[in-house]
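Understanding the architecture of this molecule
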Amino acid sequence: MRTGIHPDYRTVVFHDTSADTYFIVGSTMRTERTIEWEGRELPYVAIEVSSASHPYYTGKQKEFSKEGSTARFQQRFGRFLTPKSA
């Protein structure tokens, strides 16, 4: 490996502000902010969305039918396409 071209990999504290959750992860993210965590001073990055608050990971996301668009169309508008029985 060439020296001087790779970013500094270090332990960083990420704070999900919407869920008020902290993650300690190895990262190359640059930041000037720091936080005292378990007796160590670590870089600190505030984020708005993470796996703790994203609707896909929390199960709060609206799920669509897994049948496909044709089946959804038939379910919604099929009654208009079938002939009426007398």
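Everything quoted here is computed from the prediction, not taken from an experiment. (Residues numbered from 1 in each chain as written. Predicted model: local features only at pLDDT ≥ 70, side-chain atom pairs only at ≥ 80, totals over all residues. Heavy atoms only, no water.)

**Thoughts on the overall build of the protein chain**
Secondary structure assignment for the protein chain yields 2 helices and 4 strands. Counting from the amino terminus, the protein chain carries its helices and strands in the arrangement β-β-β-β-α-α. Contacts in the protein chain between residues far apart in sequence, at least 24 positions, make up 37% of those at least 6 positions apart. Total accessible area computed for the protein chain in this model is approximately 7600 Å², and 52% of it derives from carbon and sulfur atoms. (Helix = DSSP H or I, 4+ residues; strand = E, 2+ residues; numbered from the N terminus. Contact = heavy atoms within 4.5 Å. Areas by Shrake-Rupley, 256 points an atom, 1.4 Å probe, with all protein chains shown as cover.)

**Focus: the pairing of strand S3 (residues 34-37)**
Two elements, S3 and strand S4 (residues 40-47), share 4 bridges in a ladder whose sense is antiparallel. Looking across to S4, one finds that Ile35 is bridged to Leu42. Joining the antiparallel neighbours S3 and S4 is a turn of 2 residues, in which Glu38 adopts a positive phi near 50°. (Pairing = 2+ DSSP bridges.)

**Overview of unusual backbone geometry**
The backbone of Asp20 sits at a positive phi, close to 50°, despite the residue not being glycine. Following the sequence through the fold, Asp20 ends up in the loop between strand S1 (10-16) and strand S2 (21-27).

**Structural notes on the side chain of Ser50**
Tracing the backbone through its elements, the reader meets Ser50 in the loop between S4 and helix H1 (55-58). What makes Ser50 buried here is its relative accessible area of 12%. Of the polar contacts made by the side chain of Ser50, one reaches the side chain of Asp16; its length is 2.5 Å. For Ser50, the contacting residues outside a window of four places in its chain are Asp16 and Phe23. (Buried < 20%, exposed > 50% of the residue type's maximum accessible area, 1.4 Å probe, protein only. Polar contact = N/O pair within 3.5 Å; in protein donor to acceptor, adjacent residues only side chain to side chain.)

**Section: the side chain of His15**
Turning to its location among the elements, His15 is positioned in strand S1. Setting aside residues up to four positions removed in sequence, His15 forms contacts with Asp20, Thr21, Tyr22, Tyr44, Val45, Ala46 and Ile47.

**Describing the sheet that holds S1**
The strand order across the open sheet built from 4 strands is S2-S1-S4-S3, with neighbouring strands paired in mixed fashion. Sheet topology places S2 and S3 at the edges, where each strand pairs with a single neighbour. Strand-to-strand, the axes of this sheet are offset by a mean angle of 45°, without reference to chain direction. (Axes fitted to C-alpha atoms, helices over the stretch in contact; angles between N-to-C directions.)

By themselves, these observations are geometric and do not establish any function.
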